Structure formats: C-alpha cells, structure tokens
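In case you want the letters, here they are:
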Amino acid sequence: MASRIQAEVWTEEIICPVCLDFFTDPVSLGCGHNFCSSCVTRSWEKQENNCCAVFQETFPEKNLTASWALASLAEKARKLGLTPKQTENKLHCEKHREQLKLFCESDMKLLCVVCSHGQEHRGHSFLPIEEDKVKSSLASLTQRKETALEAEAKQKEKISQLKVRFPY
C-alpha cells in the first residue's frame, strides 16, 4: 500500500490548478499545462485572449486536447478514496493557484513564480522559501496573535469596568 506521502506526490499531478480538485474531463493546452475542460472554458470566457492560467501564455485558437491518461488517473484516485485535500497544506497564490515558493524582500510577502515575473515586482529581490519554516513560523505567529487578541479583550473589559466605576 502506498504511503501518505507517496499518495500526496502523485495526487498533486492530477489536480487542476484552477479548481484545485481532481481533473474532470482534463484537457491539455499547447504549452503542456492541463486543466478541467470546464475550468479552462470558463476562464477563457472571462478573458479577451485565450491564456494559460499557469504561465499566461496566449493561444490564438481554442485548441484543447483531451488527456485520457489524466482522466484515468483522476478516476483511480477517486476510487481509492483519495482527496485533493491531502495536498492542501501547501501555500498557494490566490491569483495563479501556483505554490508560493518565493519571498519578495521589497514587499515583504510570499509569491508564486508567476507573480515574481510580473510588472508589480519588477526589480525586486526574492528569497526562496522553505515550506517547513514558513508553516512553523505561521503557526507561531498565529499563536502570538491569539495571545495578543486575548490580552486586548481583557484590557477592553478592564476599561469598560473602570468607565462604569468612574464615569468621568
């Protein structure tokens, strides 16, 4: 039986970068990226140009090639009871649905590779991130935030009590 990590590795390959679910009627674009047929169609309806949602490469014609191998793998994953949620622990860009792999030192934020090549970050310096460190830092910061919010709530309660005791 495949380990959880092995399952994660191969299920990542059968997840649509748009809907983040297992492929449904997968198609390939000329650039080699794969999407659910409905996801790419819906995406192209909203755009002036037909672009790849991953690298923004433009295609003059809506030339989609069905990917039967990916469809078969996605169906097998469903039958095995695997879920795309197993790979959700990775941090993804909201705009491009790509994994966040870089830290922009200028803007102090995490970016995907596609964002790093955009106009907004031109000339900025980047550091590669290590996902483990980001997760542990995020957990630590979340705990510190909760502690700060609890302290703030206690202080507000004390202020309210003092206002009642001393209305002036």
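Residues numbered from 1 in each chain as written. Predicted model: local features only at pLDDT ≥ 70, side-chain atom pairs only at ≥ 80, totals over all residues. Heavy atoms only, no water.

**Q** Help me out: how do you make sense of helix α3 (residues 68–79) in this one?
**A** Spacing of three or four residues puts side chains on the same side of an α-helix, whose turn is 3.6 residues. Under the 1.5 Å per step criterion, the end-to-end length of α3 is 16 Å for 12 residues, consistent within 8% with the ideal 16 Å. Those residues of α3 not exposed but buried are Leu70, Ala74 and Ala77. End-on view of α3: buried residues confined to an arc of 60°, all on one side of the axis. Along α3, the residues that are exposed and aim more than 90 degrees away from the buried face are Trp68, Ala69 and Lys79. (Helix = DSSP H or I, 4+ residues; strand = E, 2+ residues; numbered from the N terminus. Expected span 1.5 Å × (residues − 1). Buried < 20%, exposed > 50% of the residue type's maximum accessible area, 1.4 Å probe, protein only. Arc of directions from axis to C-beta.)

**Q** Is there a simple way to think about the sheet that holds strand β8 (residues 126–128) in this case?
**A** Strand pairing within a sheet occurs via backbone hydrogen bonds; the two strands may be parallel or antiparallel. The antiparallel open sheet is built from three strands, whose spatial order is β7-β6-β8. The open sheet has two edge strands, β7 (109–111) and β8, and neither has a second partner. Adjacent strand axes in the sheet meet at a mean angle of 35° when their direction is disregarded. Note: strand β6 (residues 102–104) against β7, three bridges, orientation antiparallel. Paired with cysteine 104 across the bridge in β7 is lysine 109. (Pairing = 2+ DSSP bridges. Axes fitted to C-alpha atoms, helices over the stretch in contact; angles between N-to-C directions.)

**Q** Hey, could you run me through the nonpolar core in this one?
**A** Generally speaking, a soluble globular protein has its nonpolar side chains buried in company with each other. Phe22, Phe23, Leu29 and Phe35 are the most contacted members of the largest nonpolar core, which totals 19 residues. Those elements that provide at least two residues to this core are β2 (34–36), α2 (37–45) and α3. Not counting residues within four places of it along the chain, the set of residues in contact with phenylalanine 23 comprises Glu13, Ile14, Ile15, Cys16, Pro17, Asn34, Phe35, Cys36, Leu70, Ala74 and Arg78. Core analysis: the second largest hydrophobic core is formed by seven residues, Cys93, Cys104, Val114 and Cys115 among them. (Core = buried A, V, L, I, M, F, W, Y, C linked by side-chain atoms within 4.5 Å. Contact = heavy atoms within 4.5 Å.)

**Q** Looking at this structure, I do not really get the side chain of histidine 121. What am I missing?
**A** Structurally, histidine 121 is set in the loop between α4 (113–116) and β8. Side chain to side chain, histidine 121 and aspartate 107 meet in a polar contact 3.0 Å long. Residues contacting histidine 121, with those up to four places away along its chain left out, are Cys104, Asp107, Lys109, Leu111, Cys115, Ser116 and Phe126. (Polar contact = N/O pair within 3.5 Å; in protein donor to acceptor, adjacent residues only side chain to side chain.)

**Q** Explain the sheet that holds strand β1 (residues 26–28) here, please?
**A** The strand order β2-β1-β5 describes an open sheet built from three strands, whose pairing is antiparallel. Bordering the open sheet on either side are β2 and β5 (65–66), each of which pairs with just one other strand. Judged from the three bridges that link them, β1 and β2 form a sheet pairing that is antiparallel. Within the sheet, the bridge partner assigned to valine 27 lies in β2 and is phenylalanine 35. In the packing of α2 onto the sheet, the strands contacted are β1 and β2, and the crossing angle to β2 comes to about 90°.

**Q** Help me understand the state of the cysteines, please; the structure alone is not making it clear to me.
**A** Think of a disulfide as a covalent bridge from one cysteine sulfur atom to another cysteine sulfur atom. If you walk through the whole model with that rule in mind, you get zero disulfides. No disulfide involves cysteine 115; its nearest neighbouring cysteine sulfur is the one of cysteine 112, lying 3.7 Å away. Residue classification places cysteine 115 among the buried positions, given a relative accessible area of 16%. (Disulfide = S-S within 2.5 Å.)

**Q** How do you make sense of α2 when you look at a structure like this?
**A** Those residues of α2 not exposed but buried are Cys39, Val40, Ser43 and Trp44. Taken down its axis, α2 places every buried residue within 125° of arc, on the same side. Of the surrounding secondary structure, the elements contacted by the buried residues of α2 are β1, β2, β3 (50–51) and β4 (58–59).

**Q** Just checking my understanding: could you explain the pattern of salt bridges for this structure?
**A** Pairs can form between side chains of opposite charge once their charged atoms are near each other. Considering all chains together, one arrives at two salt bridges under this definition. Across the pair arginine 78 and glutamate 75 runs a salt bridge whose closest N-O atoms are separated by 3.8 Å. Separated by three residues within a single helix, arginine 78 and glutamate 75 lie in helix α3, roughly one turn from each other. What makes arginine 78 partly exposed here is its relative accessible area of 35%. Judged by its relative accessible area of 37%, glutamate 75 is partly exposed. Where lysine 156 meets glutamate 152, a salt bridge forms, and the shortest distance between an N and an O atom there is 3.7 Å. Pair noted here: lysine 156 and glutamate 152 are both in helix α5 (residues 131–165), with a separation of four residues, about one helical turn. (Salt bridge = Lys/Arg side-chain N within 4 Å of Asp/Glu carboxyl O.)

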